[in-house]
Amino acid sequence: MTLSVRSIASIELRIESPPELSAVRTGLQSIDLRRFPDIATLIGVDSSGRSIQVELVPESFNVARTTPPWVAGFTTRDNVVIFPSRSPTYPSNTLEDVLRHEIVHALIWRASGGQSVPRWFNEGLAMEAERERQLADQTRLLYQLVSGSRAGLAELDRLFDGGENDQSRAYALSGALVHDILQRHGSNVGAQILERMRGGMTFDEAFSKVVGVFPATAENQFWDRQRIWTNWVPILGSTTTLWIVVTLLALIAIYRRSRLGREIEKCWEQEDGED
């Protein structure tokens, strides 16, 4: 195994890999450090002096064979395992997203003092730190609202232990729920909750102290605010959707013009034949 140590703001990573993954390790080492300090700020923990172990694992290793193929990485306490040969699946888009996501899990474990954090909040907070919420997230949420029934917090946690579709649903709903909580109560809510847990509170106690209601109430309020039309608005009004519509209209216009041109040419050929 090859080892490299790199500091990202107050976050120090120790990246290990077998020789066949040295190029991947080099790529992760070249990531712009300025994109990472916001993670520690969101979680509210200073990890200086303690490195996070990151292990790059090839598919030939036993841990890869026993991990579902759609899982690109996971974290146990503050030890991160990443499978570089696997294409990142939702909620991650790139290997850097996977790294950021798993680093957040490690920092959540530290910030909570090792206490149990519900999976829905843990994953939702990791999604929030991983990257900015995108149109694809809103679209996935809309799909889940249309195709599935309402899911409670306990069910969300169970879905994370299910198959690929179950996990995709769990990520979409948990990400939306945590994003909604941070938008309504402040971006430092997660840090405040974890700080109180480190001081000895349970998650429910810490959540209610910071947010003002218990998690189940926040979940009910979230679902009460979800209406199909409120999710269609940002999708239909997005720049991406506008360009899709413009492109489709342009293609239709090109097709109709091409078809008209062929009809004109056909008429000319008929007229020439009659002459």
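Fair warning: this is a prediction, and the values are worked out from it, not measured in the lab.

Asks: Would you mind going over the overall build of the protein chain with me for this structure?
Replies: Across its full length, the protein chain carries 13 helices and five strands. A buried classification covers 43% of the 275 residues belonging to the protein chain. Sequence-distant contacts in the protein chain: of pairs separated by 6 or more residues, those separated by 24 or more amount to 69%. Accessible surface for the protein chain amounts to roughly 14,700 Å². Of this, 53% is attributable to carbon and sulfur atoms.

Asks: Teacher, can you tell me more about helix α5 (residues 119–130) here?
Replies: Note: α-helices contain 3.6 residues per turn, so residues at a spacing of three or four share the same orientation. With twelve residues, α5 ought to run about 16 Å at 1.5 Å a step, and its terminal C-alpha atoms sit 16 Å apart, in line with that. Counting buried residues along α5, ten of its twelve residues qualify, which places the element largely inside the surrounding structure. Inspection of α5 places Trp120, Phe121, Asn122, Glu123, Gly124, Leu125, Ala126, Met127, Ala129 and Glu130 among the buried residues, and these make up the whole buried set.

Asks: What am I meant to see in the pattern of salt bridges here?
Replies: When the charged atoms of two side chains with opposite charge come close together, those side chains can pair. Going through the model one piece at a time under the given rule, you end up with six salt bridges. Between aspartate 180 and arginine 225 there is a salt bridge, with its nearest N and O atoms 2.4 Å apart. Taken together, the residues aspartate 180 in helix α8 (residues 164–185) and arginine 225 in helix α11 (residues 215–225) connect sequence positions 45 residues apart. Judged by its relative accessible area of 13%, aspartate 180 falls in the buried class. When salt bridges with common partners are traced through the structure, they connect Arg119, Glu123 and Asp161 into a single cluster.

Asks: Even after reading the chapter, I still don't get the packing of α5 against α8, so can you show me in this structure?
Replies: To describe two helices that pack against each other, one gives the angle between their axes and the distance between the axes. Here α5 crosses α8 at 75°, and the two axes come no closer than 8 Å. Taken together, the axes of α5 and α8 lie roughly perpendicular to each other. In this structure, α5 contributes Trp120, Phe121, Glu123, Gly124, Leu125, Met127 and Glu128 to the contact, and α8 contributes Tyr171, Ser174, Gly175, Leu177, Val178, His179, Ile181 and Leu182. Among the residues forming the contact of α5 with α8, the class breakdown is nine nonpolar, four polar and two charged.

Asks: What's the story with the packing of helix α4 (residues 95–111) against α5 in this structure? I'm lost.
Replies: One way to put it is that α4 packs onto α5 with a least axis distance of 8 Å and a crossing angle of 130°. Relative to α5, the element α4 is oriented oblique. Of the two possible hands of crossing, α4 and α5 adopt the one that is right-handed. Counting all contacts with α4, which are made through Asp97, Arg100, His101, Val104, His105 and Ile108, the residues of α5 involved are Asn122, Glu123, Leu125, Ala126, Met127, Ala129 and Glu130.

Asks: Can you walk me through the nonpolar core in this structure?
Replies: Here is a general trend for soluble globular proteins: nonpolar side chains tend to be buried in one another's company. Trp120 and Ile193 are the most contacted members of the largest nonpolar core, which has 61 residues in total. Ranked by residue count, the leading element in this core is α8, at nine residues. With near-sequence residues (within four places) excluded, isoleucine 193 lies in contact with Phe121, Phe203, Ala206, Phe207, Val210 and Val211.

Asks: Explain unusual backbone geometry here, please?
Replies: What you tend to see is this: most non-glycine residues have negative phi, and most peptide bonds are trans. Between tyrosine 90 and proline 91 the backbone carries a cis peptide bond, its omega angle lying at 15°. Non-glycine residue arginine 77 carries a positive phi angle of around 60°.

Asks: What am I meant to see in the pairing of strand β4 (residues 73–76) here?
Replies: Across four bridges, β4 lies against strand β5 (residues 79–82) in antiparallel orientation. The residue of β5 that forms the bridge with glycine 73 is isoleucine 82. Where β4 folds back onto β5 in an antiparallel hairpin, the turn is made up of two residues, including arginine 77, whose phi is positive at roughly 60°.

Asks: Explanation requested: the side chain of serine 174 in the structure shown.
Replies: Considering the arrangement of structural elements, one finds serine 174 in helix α8. A polar side-chain atom of serine 174 sits 2.8 Å from the main-chain carbonyl oxygen of alanine 170. Among all residues touching serine 174, those that are not within four sequence positions of it are Trp120, Gly124, Leu156 and Phe160.

Asks: Just checking my understanding: could you explain the environment of isoleucine 11 for this structure?
Replies: Positionally, isoleucine 11 belongs in strand β2 (residues 11–17). With 28 residues separating them in the primary sequence, isoleucine 11 and isoleucine 39 have C-alpha atoms 9.2 Å apart.

Asks: Explain the packing of aromatic side chains here, please?
Replies: Between two aromatic rings, the relevant description is the distance of the centres plus the angle of the planes. Tallied over the full model, the rule gives nine aromatic pairs. With a centroid separation of 5.7 Å and an interplanar angle of 45°, the aromatic rings of phenylalanine 203 and phenylalanine 207 are classed as tilted. Pair noted here: phenylalanine 203 and phenylalanine 207 are both in helix α10 (residues 203–211), with a separation of four residues, about one helical turn. Look at phenylalanine 203 and you get buried, because its relative accessible area is 5%. We classify phenylalanine 207 as buried; its relative accessible area is 0%. Each member of the aromatic cluster is reached from another via a ring pair, and the members are Trp120, Phe121, Phe203 and Phe207. Across from the ring centre of phenylalanine 83, 4.3 Å away, lies the NZ or CZ of arginine 86, which sits over that ring.

Quick notes on the rules
- Residues numbered from 1 in each chain as written.
- Predicted model: local features only at pLDDT ≥ 70, side-chain atom pairs only at ≥ 80, totals over all residues.
- Heavy atoms only, no water.
- Helix = DSSP H or I, 4+ residues; strand = E, 2+ residues; numbered from the N terminus.
- Buried < 20%, exposed > 50% of the residue type's maximum accessible area, 1.4 Å probe, protein only.
- Contact = heavy atoms within 4.5 Å.
- Areas by Shrake-Rupley, 256 points an atom, 1.4 Å probe, with all protein chains shown as cover.
- Expected span 1.5 Å × (residues − 1).
- Salt bridge = Lys/Arg side-chain N within 4 Å of Asp/Glu carboxyl O.
- Axes fitted to C-alpha atoms, helices over the stretch in contact; angles between N-to-C directions.
- Parallel < 35°, antiparallel > 145°, perpendicular 65-115°, else oblique.
- Nonpolar A, V, L, I, M, F, W, Y, C, P; charged D, E, K, R; others polar.
- Left-handed = near helix turned anticlockwise from the far one by under 90°.
- Core = buried A, V, L, I, M, F, W, Y, C linked by side-chain atoms within 4.5 Å.
- Pairing = 2+ DSSP bridges.
- Polar contact = N/O pair within 3.5 Å; in protein donor to acceptor, adjacent residues only side chain to side chain.
- Phe/Tyr/Trp six-rings, centres within 6.5 Å; stacked < 30°, edge-to-face > 60°.
- Lys NZ or Arg CZ within 6 Å of the ring centre and 35° of its normal.

Note that all results are geometric; they support no functional claim without further evidence.
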